[in-house]
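In case you want the letters, here they are:
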Amino acid sequence: MANRIQVSDGVYKEILRPGNGAKVQSNNTITVHCIGSLSTPLKKFWSTKDPGQKPFTFQVGVGKVIKGWDEGCLTMAVGEVARITIAGYKGYGAQGFPAWGIPPNAELQFEIEILSAN
């Protein structure tokens, strides 16, 4: 996979479009567009771009989201689009997320676009 870098143990990133804004910092409140999929088989479970959905806003780097999201988003800048691949233990772990059809220890793939950070 071209341009795939290891962010941390179990988290990988591929830049799809470089950012042109401020780098995301821990404790920032960020707003993102995102498409979440199971890696194998590739199956979408969530998209902020689907009808009736809206961008997702959260405080980054403080455990408000799965660990792989915090680690991946902290390497990004406003305007950047990246594919973040997250091992099961940095995602939803042994419990999975049954409401979204995510089985235990599933590897996840998110296409994330940083819309704003402050």
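Before reading further, recall that the structure is shown in the block above.
Cut-offs and rules
- Residues numbered from 1 in each chain as written.
- Predicted model: local features only at pLDDT ≥ 70, side-chain atom pairs only at ≥ 80, totals over all residues.
- Heavy atoms only, no water.
- Helix = DSSP H or I, 4+ residues; strand = E, 2+ residues; numbered from the N terminus.
- Rg over C-alpha atoms; globule rule 2.2 N^0.38 Å.
- Buried < 20%, exposed > 50% of the residue type's maximum accessible area, 1.4 Å probe, protein only.
- Contact = heavy atoms within 4.5 Å.
- Areas by Shrake-Rupley, 256 points an atom, 1.4 Å probe, with all protein chains shown as cover.
- Lys, Arg positive; Asp, Glu negative; His and termini not counted.
- Charge placed at Lys NZ, Arg CZ, Asp CG, Glu CD.
- Pairing = 2+ DSSP bridges.
- Phe/Tyr/Trp six-rings, centres within 6.5 Å; stacked < 30°, edge-to-face > 60°.
- Lys NZ or Arg CZ within 6 Å of the ring centre and 35° of its normal.

Participant: Hey, could you run me through the overall build of the protein in this one?
Facilitator: Helix and strand counts for the protein stand at one helix and seven strands. Over its C-alpha atoms the protein spans a radius of gyration of 13 Å, differing by no more than 12% from the 13 Å that the globule rule assigns to 118 residues. Over its C-alpha atoms, taken along the principal directions, the protein stretches across nearly 35 × 35 × 25 Å. A buried classification covers 47% of the 118 residues belonging to the protein. Contacts spanning at least 24 positions in sequence make up 67% of the contacts within the protein whose residues lie at least 6 apart. Working note: accessible area of the protein is about 6100 Å², and carbon and sulfur atoms make up 52% of it. Considering the protein, the positive charge centre built from 12 side chains and the negative charge centre built from 9 side chains are found 3 Å apart.

Participant: How should I be thinking about the environment of Leu38 in this particular structure?
Facilitator: For Leu38, the position within the fold is in strand β3 (residues 29–38). Separated by 65 residues in the primary sequence, Leu38 and Pro103 place their C-alpha atoms 9.1 Å from one another. Here Leu38 is in contact with Lys43, Phe45, Gly101, Ile102, Pro103, Ala106, Glu107 and Leu108, once residues within four sequence places are set aside.

Participant: Even after reading the chapter, I still don't get the pairing of strand β1 (residues 4–8), so can you show me in this structure?
Facilitator: On a regular strand, one side chain projects to one face of the sheet and the next to the other, so that they alternate. As paired strands, β1 and strand β2 (residues 11–17) are joined by four bridges and run antiparallel to one another. When the sheet's bridge partners are listed, Ile5 is paired in β2 with Lys13.

Participant: How do you make sense of unusual backbone geometry when you look at a structure like this?
Facilitator: Trans is the common state for peptide bonds, and a negative phi is the common state for residues other than glycine. In this structure, the amide linkage connecting Thr40 to the following residue, Pro41, adopts the cis form with an omega of -10°. Checked against the element boundaries, Pro41 lands in the loop between β3 and β4 (43–47).

Participant: So what exactly am I meant to see when it comes to the packing of aromatic side chains here?
Facilitator: For any pair of aromatic rings, the description rests on two quantities: the centre-to-centre distance and the angle between the ring planes. Inspection of every chain in the model, using the stated rule, returns 11 aromatic pairs. Ring centres 5.5 Å apart and planes at 85° place the aromatic pair Trp46 and Phe56 in the edge-to-face group. Note that Trp46 is positioned in strand β4 and Phe56 in strand β5 (residues 56–59), a separation of 10 residues in sequence. Pairing Phe56 with Trp69 gives two aromatic rings, centres 5.8 Å apart and planes at 80°, and the pair type is edge-to-face. Within this pair, whereas Phe56 is found in strand β5, its partner Trp69 is found in helix α1 (residues 67–73), the two being separated by 13 residues in sequence. A relative accessible area of 4% means that Trp69 is categorised as buried. Through a chain of ring-to-ring contacts, three or more aromatic side chains come together here, namely Phe45, Trp46, Phe56, Phe58, Trp69, Tyr92, Phe97, Trp100 and Phe110. Cation over ring: Arg4 sits above Tyr12, and NZ or CZ is 4.2 Å from the ring centre.

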